[in-house]
Amino acid sequence: MFTKQIINLLVIMYWWFIPVYRLRDKIDLFLEMHVDYQTTNPFSKEEVMKYMHTLIEIQKNIQSKNEFKGRSTHFMIQDNAHILEYRINYLMDGMYRKKNEQNSNDYRISSSITYKQHYFGVCI
């Protein structure tokens, strides 16, 4: 929370310095992705897919409603569809990594068991 306040203070102080706006956008994206990760970390693959679908539905609703036209909907979800696409890809990449880590861990465990059985004659 303090991060956004500090960045907003920087934007106010350096309103004339164009790169500060890009910094704000990048930090906002990073914070959104961090929240996505923290939210979906304990989720199953199906729950992550539901979460992504919900993000897409919210974006569609925001774009379709006339009451939000011309106003910042920053408090709801990032306005830019490109940012939503980046977040969805990030979540999908996280699911892929979890799957590969699980397969890798399974392989390491089975390799360890095979190694112990072969060299030490241990039956597990």
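Can you walk me through the overall build of the protein in this structure?
If you tally the helices and strands in the protein, you get four helices and zero strands. Expressed as a percentage of its 124 residues, the buried residues of the protein come to 21%. In the protein, 50% of the contacts between residues at least 6 apart in sequence involve partners at least 24 apart.

Looking at this model, I keep getting lost on the environment of L55. Mind explaining?
Structurally, the position occupied by L55 is in helix α3 (residues 45-64). By relative accessible area, which is 7% here, L55 ends up buried. Note: C-alpha distance between L55 and L84 (29 residues apart in sequence) is 7.7 Å.

Sorry, what's going on with the environment of T40 here?
Turning to its location among the elements, T40 is positioned in helix α2 (residues 19-40). Between the C-alpha atom of T40 and that of Y51, which follows or precedes it by 11 residues, the distance is 7.8 Å.

It is not clear to me how the packing of helix α1 (residues 2-13) against α2 should be interpreted in this structure. Could you clarify?
When two helices pack together, their arrangement is given by the angle between the helix axes and by the axis-to-axis distance. Two elements in contact, α1 and α2, have axes whose closest approach is 10 Å; the angle formed by their N-to-C orientations is 170 degrees. Comparing their axes, α2 and α1 come out roughly antiparallel. Residues T3, K4, I7, N8, L10 and V11 of α1 form the contact with α2, whose own contacting residues are V20, Y21, L23, R24, I27, D28 and L31. Among the residues making up the contact of α1 with α2, the classes are represented as eight nonpolar, two polar and three charged.

Could you clarify how one ought to interpret the packing of aromatic side chains in this entry?
Working definition: an aromatic ring pair is given by the centre-to-centre distance plus the angle between the planes. The full count for this structure, using the stated rule, is three aromatic pairs. Between Y14 and W16 the ring centres are 5.9 Å apart and the planes differ by 70 degrees, which places this aromatic pair in the edge-to-face class. Residue classification places Y14 among the partly exposed residues on the basis of a relative accessible area of 35%. Aromatic rings pair up to connect Y14, W16 and F17 into one cluster.

Looking at this structure, how should I read the pattern of salt bridges?
Close approach of charged atoms lets side chains of opposite charge pair. Under the defined criterion, the tally for this structure stands at five salt bridges. D36 serves as the salt-bridge partner of R87, at 2.7 Å between the closest nitrogen and oxygen. Of this pair, R87 sits in helix α4 (residues 81-120) while D36 sits in helix α2, and the two are 51 residues apart along the sequence. For the pair R87 and D36, a shared accessibility class is recorded, and that class is buried. Between E57 and K60 there is a salt bridge, with the nearest N and O atoms lying 3.8 Å from each other. Within this pair, E57 and its partner K60 are both found in helix α3, separated by three residues, close to a single helical turn. Owing to a relative accessible area of 29%, E57 belongs among the partly exposed residues under this scheme.

Calculation criteria
Residues numbered from 1 in each chain as written. Predicted model: local features only at pLDDT ≥ 70, side-chain atom pairs only at ≥ 80, totals over all residues. Heavy atoms only, no water. Helix = DSSP H or I, 4+ residues; strand = E, 2+ residues; numbered from the N terminus. Buried < 20%, exposed > 50% of the residue type's maximum accessible area, 1.4 Å probe, protein only. Contact = heavy atoms within 4.5 Å. Axes fitted to C-alpha atoms, helices over the stretch in contact; angles between N-to-C directions. Parallel < 35°, antiparallel > 145°, perpendicular 65-115°, else oblique. Nonpolar A, V, L, I, M, F, W, Y, C, P; charged D, E, K, R; others polar. Phe/Tyr/Trp six-rings, centres within 6.5 Å; stacked < 30°, edge-to-face > 60°. Salt bridge = Lys/Arg side-chain N within 4 Å of Asp/Glu carboxyl O.

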